[in-house]
Every structure is written in C-alpha cells, then in structure tokens.
Amino acid sequence: MTLPEIRWEENQTPRAARWRSESGAAPPRRVVLADDTLTADLAYRQACEGVGLLWRGDFQNARQLLQAMTRRVDKRPRKPVDTLLDAFNQHRQIQSQRARILGMLLIPFDAGHGIPLRRAPDARQACEAAHGPAAEPYVASLRELLGLIGAFEWRKKGVEIPALDARIHPHYGVFSPLRGEYVDLVASAPLPPGDTAFDIGTGTGVLAAVLARRGVKRVVGTDQDPRALACARDNLQRLGLENRVELAQADLYPEGRASLVVCNPPWLPARPSSPVEHAVYDPDSRMLRGFLDGLAAHLAPAGEGWLILSDLAEHLGLRSREQLLDMIRQAGLRVVDRTDTRPTHGRAKDASDPLHAARSKEVTSLWRLAAA
C-alpha cells in the first residue's frame, strides 16, 4: 500500500514525505514548522484550525507541549444532554474532535523508523512491530507514536489471564483482554459434548486458548485481520497450544460444523473511527447478526453457540433487549441458558465518566444458544 504524502515548506523550499496514520486520518492541508519556542496556547489554536505542527525541536519538549494541549482540549465545556444516547453521541463527537486536534502535533521519521530529534526515544522496534519495515522517511502524529510505544510495552509485558495461569501478549491494533470477565465466563460454562470448537473473531487467541486448555481436542480460530492472526499465532506458540488450535483468515465462519461455536463480537452498534475500534464498535450490529444468522448451519447436532455480549448498548439506547432476542429468534435459534457477570474494570466505578450512568449498570452475559 502506497502511503499518501504530506507537504510543507522549509527554508523557502517545498518539502514532502510520506504520511502515516493508523486512524486513517488525511494529512493536514497546511503544515508549519514548530519548535521549543512555540507556546501551548498558539499550538492549541493552530491545531484547532487544522494546521499541522511539524516538530523540529526537542522531543521531550514536544511531549510536554502535547500534555499542555490535552489539558486545554479537556477543559472545553460539555453541553447538557437529555438522554444517555445523547450523552454517548456527544462523547463520540468530543473524542473524535479531541483526536483530530491532538493529532496535529507531528513528528518526522527517517527510513527505518528512526526519529531525528534531540532526546528522542529509540522507537524503532515498536514502530516496526506495528507497521513493518519503513523504506523511506515519513511523518506521523506524536499522539499515535506514544500510543504505539505504550502498546509495544503491553505486548512485552502481557496481560495476566487467571483462567490460563499465563499471560496473553496483545499486538498493536489487536484488542487487549484487559476486561477479564468475559474470559472467566468461557472458562466456567459447561461444555457441550463433542470435540470441535470454533472461536469466531479470535483476536489475541485468548478464548481459543481457554477452550483448548479445557480439553477441547480441536479448536479453529478465525479472524479477518492479519494482525490478529499473527497475534493469536504468537500467543498460542507461547502457550504451547499451536498444535491444538488452527487459525484461519475468514470473515466469521470456517468450513464445517462444530459442537461449540464461541463469539465475542463488538458490543456497541456504532461506526468505528479507527481500525483498533473495530473490536468495540460494530456498525448496524453486522458481526453480531452475521454470527447469529450463520450459527445454526455451523452447529453439529446437539451443539451450542456461546454469544458473549455486554448489555451496555441497551443502557445507552443503541439496541434493546427485545431487538437482540428478535435477532436470535429470526436466526432460528433458542436460548438454552444465560450466565451474567458484572465488570470489574475501573471505568464502571468512575463517577466522572460521562457514560457512568450506563457503565454502572452494565452486565456481561454468556448466552448459550442452540438451533430451534
């Protein structure tokens, strides 16, 4: 894939470089040079106007400037809203504007992902892990770079999964299993008879690994994202399960039938604004509907489908419980049982979160489904 170009003028000479944006943002139409003399107020004002600030000063000063810009963005007042759905839409709009403004502070990269700035970190490993080799110089936002470095540290450290008594190492752009309640549901639900399981949308491979550790003889994990498949393969090798779990690139189902089909689809029916958000936002419940509509045809006799789903969308007014049950009925399925658990992550208890009223009521469920 050929990256777009970003253009600016330096020393009265037109300059250009490749533009890299994980979120898919277009390069700023106007770019000016910026250094340690730039004030936070002016930087914030220019960023709000859509001006890209290509940094030529000290890297650590750029980080401090980004923090100052962040404080200014977060001080912007929110308008009162009448419903949780209005609060959600406002929150998404604010987050989008926030990302756009803070994404205007830009960092140059050399070929090979080196950063030609004073006191810049060596981020070459982190950049290559996310993007692969870089044959030519490019420009990217400082905010994305810091996110990429943070993700690389998570990848090295891993996330402790008690159900596996081991760590799962999420790659950049692959949803991390930090919310362990859905993993615990899969680790404790009664297995149906049979020796084959499908894990639809395997991501890091955590649920496929749990099923294999529980004794399922053959597990097939699918995903349409090459990053996710590479991540799952790495984790399964670390766990010594590469011979127990097959991986396949597919949009939902592999060929054949299974006694158990597990799916943890994105929980919110809304449009993602970046690739990594595809794990959270599912436009028009596309993956959820696809899983339900295809389940009966991929279940072995007496087989079960396990749908792991939060009801946060219901509290936000994005989808009702009756709509979910209607999807299940229309797919020719029936509910065998449902197990509920409450999330334990910090945001569920954070009263300052604009969506706290919904998050505080959230329940995550494992729906055991069978052909009607």
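Everything numeric here is computed off the predicted structure, so don't read it as measured data.

**A look at the overall build of the protein**
Across its full length, the protein carries twelve helices and 15 strands. Whereas a compact globule of 372 residues would reach a radius of gyration of roughly 21 Å, the protein reaches 23 Å, a difference of no more than 12%. Projected onto its principal axes, the C-alpha positions of the protein cover 75 × 50 × 35 Å. In the protein, which comprises 372 residues, the share counted as buried stands at 50%. The contacts in the protein between residues at least 6 apart in sequence include a share of 67% that link residues at least 24 apart. Of the roughly 18100 Å² that the protein leaves accessible, carbon and sulfur atoms contribute 48%. Put simply, the protein has 50 plus and 45 minus side-chain charges, and the middle of one group is 3 Å from the middle of the other.

**Here we look at the environment of Trp19**
If you trace the backbone, Trp19 turns up in strand β2 (residues 13–19). Take Trp19: its relative accessible area is 4%, and that puts it in the buried class. Expressed as a C-alpha distance, the spacing of Trp19 and Val139, which sit 120 residues apart in the sequence, is 5.1 Å. Sequence-distant contacts of Trp19, defined by excluding residues within four places in its chain, comprise Leu3, Pro4, Glu5, Ile6, Ala25, Ala26, Pro27, Pro28, Leu106, Val139 and Ala140.

**Considering the sheet that holds strand β3 (residues 30–34)**
Spatially, six strands are ordered β1-β2-β6-β5-β4-β3 in an open sheet, and the strand pairing comes out mixed. The sheet terminates laterally at β1 (5–10) and β3, the two strands that pair on one side only. Across the sheet, the axes of successive neighbouring strands diverge by a mean angle of 40 degrees, strand direction being ignored. One ladder, built from two bridges, connects β2 with strand β6 (residues 138–141); its direction is parallel. Each residue of the ladder has a partner; that of Trp19, found in β6, is Val139.

**A closer look at helix α6 (residues 181–188)**
Listing the buried residues of α6 in full gives Glu181, Tyr182, Val183, Leu185 and Val186. Residues of α6 that are buried sit in contact with β7 (159–161), α7 (206–213), β12 (258–263), β13 (299–310), β14 (333–341) and β15 (364–371).

**Topic: the packing of helix α2 (residues 59–74) against helix α3 (residues 84–102)**
Relative orientation of the contacting elements α2 and α3 amounts to 150 degrees, with a least axis distance of 10 Å. Classified by the angle between their axes, α2 and α3 sit roughly antiparallel to one another. Crossing angle aside, the handedness with which α2 passes α3 is right-handed. On the side of α2, the interface is formed by Leu66, Met69, Thr70, Val73 and Asp74, while α3 contributes Arg98, Ile101 and Leu102. Of the residues in the contact of α2 with α3, the class split is five nonpolar, one polar and two charged.

**Comments concerning the pattern of salt bridges**
Throughout the structure, instances matching the rule amount to 24 salt bridges. As a salt-bridge pair, Asp58 and Arg119 come within 2.9 Å of each other at their nearest N and O atoms. Here Asp58, found in the loop between β4 (51–55) and α2, pairs with Arg119, found in the loop between β5 (105–109) and α4 (124–131); they are 61 residues apart in sequence, far enough to count as distant. Take Asp58: its relative accessible area is 6%, and that puts it in the buried class. Classification of Arg119 as exposed rests on a relative accessible area of 54%. For the salt bridge of Arg329 with Asp326, the shortest nitrogen-to-oxygen distance reads 3.7 Å. Remark: Asp326 and Arg329 occur in helix α11 (residues 321–330); sequence separation between them is three residues, near one turn of the helix.

Criteria and thresholds
Residues numbered from 1 in each chain as written. Predicted model: local features only at pLDDT ≥ 70, side-chain atom pairs only at ≥ 80, totals over all residues. Heavy atoms only, no water. Helix = DSSP H or I, 4+ residues; strand = E, 2+ residues; numbered from the N terminus. Rg over C-alpha atoms; globule rule 2.2 N^0.38 Å. Buried < 20%, exposed > 50% of the residue type's maximum accessible area, 1.4 Å probe, protein only. Contact = heavy atoms within 4.5 Å. Areas by Shrake-Rupley, 256 points an atom, 1.4 Å probe, with all protein chains shown as cover. Lys, Arg positive; Asp, Glu negative; His and termini not counted. Charge placed at Lys NZ, Arg CZ, Asp CG, Glu CD. Pairing = 2+ DSSP bridges. Axes fitted to C-alpha atoms, helices over the stretch in contact; angles between N-to-C directions. Parallel < 35°, antiparallel > 145°, perpendicular 65-115°, else oblique. Left-handed = near helix turned anticlockwise from the far one by under 90°. Nonpolar A, V, L, I, M, F, W, Y, C, P; charged D, E, K, R; others polar. Salt bridge = Lys/Arg side-chain N within 4 Å of Asp/Glu carboxyl O.

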